[in-house]
Amino acid sequence: MKIGTPKEIKNNENRVGLTPAGVSALVKQGHIVYIQEGAGVNSGFSDELYLKVGATLLPSIEEVYAASDMIVKVKEPIEPEYRLIKKDQLLFTYFHFASNAGLTKAMIDSGAVCLAYETVEKADRSLPLLIPMSEVAGRMSIQEGAKYLERPNGGKGILLGGVPGVKPAKVLVLGGGVVGTQAAWMAAGLGADVTLADISLPRLRYLSDVLPKNVKTLVSSEYVIAEEVKSADLVIGAVLVTGAKAPHLVTAAMLSTMQKGAVMVDVAIDQGGCFETSRPTTHNDPIYTIDGVVHYCVANIPGAVPYTSTLALTNATLPYAIQLANLGWEKACEVNEELCKGLNIVKGEIVYPAVREAFQG
Ligand SMILES: NC(=O)c1ccc[n+]([C@@H]2O[C@H](COP(=O)([O-])OP(=O)(O)OC[C@H]3O[C@@H](n4cnc5c(N)ncnc54)[C@H](O)[C@@H]3O)[C@@H](O)[C@H]2O)c1
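Bear in mind that the values here come from a model prediction, so they are computed numbers and not experimental data. (Residues numbered from 1 in each chain as written. Predicted model: local features only at pLDDT ≥ 70, side-chain atom pairs only at ≥ 80, totals over all residues. Heavy atoms only, no water.)

Caption draft 1: Structural view of the overall build of the protein. Counting its secondary structure elements, the protein contains 13 helices and 15 strands. For 361 residues, the compact-globule estimate of 2.2 N^0.38 gives 21 Å, and the protein sits close to it at 22 Å. With the C-alpha coordinates aligned to their principal axes, the bounding extent of the protein is approximately 60 × 50 × 35 Å. When the 361 residues of the protein are sorted by exposure, 51% land in the buried category. About 15,800 Å² of surface is accessible on the protein, with carbon and sulfur atoms providing 55% of the total. Charged side chains in the protein number 32 positive and 37 negative. The centres of these two groups are separated by 3 Å. (Helix = DSSP H or I, 4+ residues; strand = E, 2+ residues; numbered from the N terminus. Rg over C-alpha atoms; globule rule 2.2 N^0.38 Å. Buried < 20%, exposed > 50% of the residue type's maximum accessible area, 1.4 Å probe, protein only. Areas by Shrake-Rupley, 256 points an atom, 1.4 Å probe, with all protein chains shown as cover. Lys, Arg positive; Asp, Glu negative; His and termini not counted. Charge placed at Lys NZ, Arg CZ, Asp CG, Glu CD.)

Caption draft 2: Focus on the pattern of salt bridges. Across all of its chains, the model carries 14 salt bridges by this definition. Close ionic contact of glutamate 338 with lysine 122 constitutes a salt bridge, the shortest N to O distance being 3.8 Å. Placement of the pair is glutamate 338 in helix α12 (residues 337-340) and lysine 122 in the loop between β6 (113-116) and α6 (131-148), with a sequence separation of 216 residues. A relative accessible area of 32% places lysine 122 in the partly exposed class. Of the charged contacts in the structure, one is a salt bridge between aspartate 193 and lysine 216, with a shortest N-O distance of 2.9 Å. Taken together, the positions of aspartate 193 in strand β8 (residues 193-198) and lysine 216 in strand β9 (residues 215-219) put the pair 23 residues apart, joining distant regions of the chain. (Salt bridge = Lys/Arg side-chain N within 4 Å of Asp/Glu carboxyl O.)

Caption draft 3: Expanded view of unusual backbone geometry. One non-glycine residue, aspartate 291, adopts positive backbone phi at about 55 degrees. Here aspartate 291 shows up in the loop between β12 (287-290) and β13 (293-296). Backbone geometry at lysine 347 places phi at a positive 45 degrees, although glycine is not the residue there. Summarising the element assignment, lysine 347 is placed in the loop between β14 (343-346) and β15 (349-350).

Caption draft 4: Quick look at the nonpolar core. Grouped together as the largest cluster of nonpolar side chains are 71 residues, with contacts concentrated most on Val171 and Ile236. Sort the elements by how many residues they give to this core and helix α11 (residues 306-335) lands first, with 12 residues. In this view, valine 171 contacts Ile142, Leu160, Ala187, Ala192, Asp193, Val194, Thr195, Leu234 and Ile236; residues no more than four positions away in its chain are not counted. Of all hydrophobic cores here, the second largest spans 21 residues; its members include Val64, Leu103, Ile350 and Tyr352. (Core = buried A, V, L, I, M, F, W, Y, C linked by side-chain atoms within 4.5 Å. Contact = heavy atoms within 4.5 Å.)

Caption draft 5: Summary view of helix α5 (residues 101-110). Of all the residues in α5, the buried ones are Leu103, Thr104, Ala106, Met107 and Ser110. Projected onto a plane normal to the axis of α5, the buried residues spread over an arc of 165 degrees and lie on a single side. Away from the buried face of α5 by more than 90 degrees, exposed residues Lys105 and Asp109 are located. Elements in contact with the buried residues of α5: α4 (79-82), β5 (90-93), β6, β14, β15 and α13 (353-360). Note on α5: the residue one or two positions beyond its end, glycine 111, has a positive phi of about 75 degrees. (Arc of directions from axis to C-beta.)

Caption draft 6: A look at the side chain of asparagine 336. Among the secondary structure elements, asparagine 336 is positioned in the loop between α11 and α12. Taking relative accessible area as the criterion, asparagine 336 reaches 12% and is therefore assigned buried. At 2.9 Å, the side chain of asparagine 336 and the backbone nitrogen of glutamate 338 are in polar contact. Apart from the residues within four sequence positions on either side, asparagine 336 is in contact with Tyr320 and Gln323. (Polar contact = N/O pair within 3.5 Å; in protein donor to acceptor, adjacent residues only side chain to side chain.)

Caption draft 7: Looking closely at the sheet that holds β12. Strand order in this open sheet of 7 strands is β9-β8-β7-β10-β11-β13-β12, and the pairing throughout is mixed. At either margin of the open sheet sits one strand with a lone partner, and together these are β9 and β12. Within the sheet, the average angular offset between the axes of one strand and its neighbour, ignoring direction, is 20 degrees. The strands touched by helix α7 (residues 178-189) are β7 (170-174), β8, β9 and β10 (234-237); relative to β8, the strand with the most contacts, the crossing angle is about 165 degrees. (Pairing = 2+ DSSP bridges. Axes fitted to C-alpha atoms, helices over the stretch in contact; angles between N-to-C directions.)

Caption draft 8: A look at the sheet that holds strand β1 (residues 2-5). Sheet architecture is open: 8 strands sit in the order β3-β2-β1-β4-β5-β6-β14-β15, paired in mixed fashion. For this open sheet the edge positions go to β3 (56-58) and β15, each flanked by a neighbour on one side alone. Bridge count for strand β4 (residues 70-72) against β5 is 3 bridges, and the pairing is parallel. When the sheet's bridge partners are listed, methionine 70 is paired in β5 with leucine 90. Along the sheet, α5 makes contact with β5, β6, β14 and β15, crossing β14 at roughly 55 degrees.

Quick look at the structure:
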């Protein structure tokens, strides 16, 4: 199959859909791989690295789309790309159709086959192509939190791990899924005094078994959160209620009971945020302060570490990309139920129920 990876053109998107290791695996299986010149540079992969493993470099995005049967990328195509997509072309990338009517219409009109990373689903209902980004965001939330707790960055000036003779910082993690677990683990590793709250008691039992001893677990409730935020130095918002807007677990009223210079990192901002006072921010302007509490609400946290994020994402996507290339999408989706769940739009028709509901009722 002819496979193409264009350079991402969405603002501040530095990841790339295929790494040299991925290209090498595809080329060894007899496929032709086109990489747009410079596509991997922001993730740390030079054109030379791609050439060495057998990629064909093409100078323009137009040529990559024109030459390829399958496009493997990261973000949904944006407007300048719409006209480049060909009928029957397979697009394997994140789409998030339900929140984007313009994209949905453009992909229907294109007649392409859109297989969305975010809906590839395993039998246990986990989402294998979303997990890596949650892992990155969870770990990053502590790194960013630690940074903004520093006095010159607006925080109260506390070191997460303390030092001998000085208490560590208190970190409160709301939600014990992928993001929350990684955040708690990172904070614990730095020596902080960590409390993780979730509504699922079985999940808390599991986490209290596997996480270090400086992580305490609590059943999440409005009362418990109101009490805990008063003494927290860093609060991480990591809840998810599938298919719904995030609940406002920390209200504006609670904010006024918090310490000045405390930091809140709302990872759930992409689902509306789990603090009432959250609004989306960007890597260029990541924080703002309300009631003396620093808010960090970047909606694409993994974008700050494209090297790690690209590797984490492509580790998960590559086996599926290889199967699609070897078998073609129809056969691959027939033999692999996980991939089949990823089909969102097929040659002009919405086939993913939640997307159909969002636009056709
Ligand atoms: N900002 C970013 O860059 C970025 C990156 C990756 C993920 N995310 C977002 O982070 C959020 C968490 O993702 P995840 O992969 O960890 O989800 P997940 O489904 O693995 O975990 C969510 C957890 O929240 C818990 N929860 C639900 N309601 C709760 C409540 N009231 N109190 C406490 N816990 C509650 C659930 O029991 C579950 O354990 C999602 O909104 C996701 O979209 C954001």
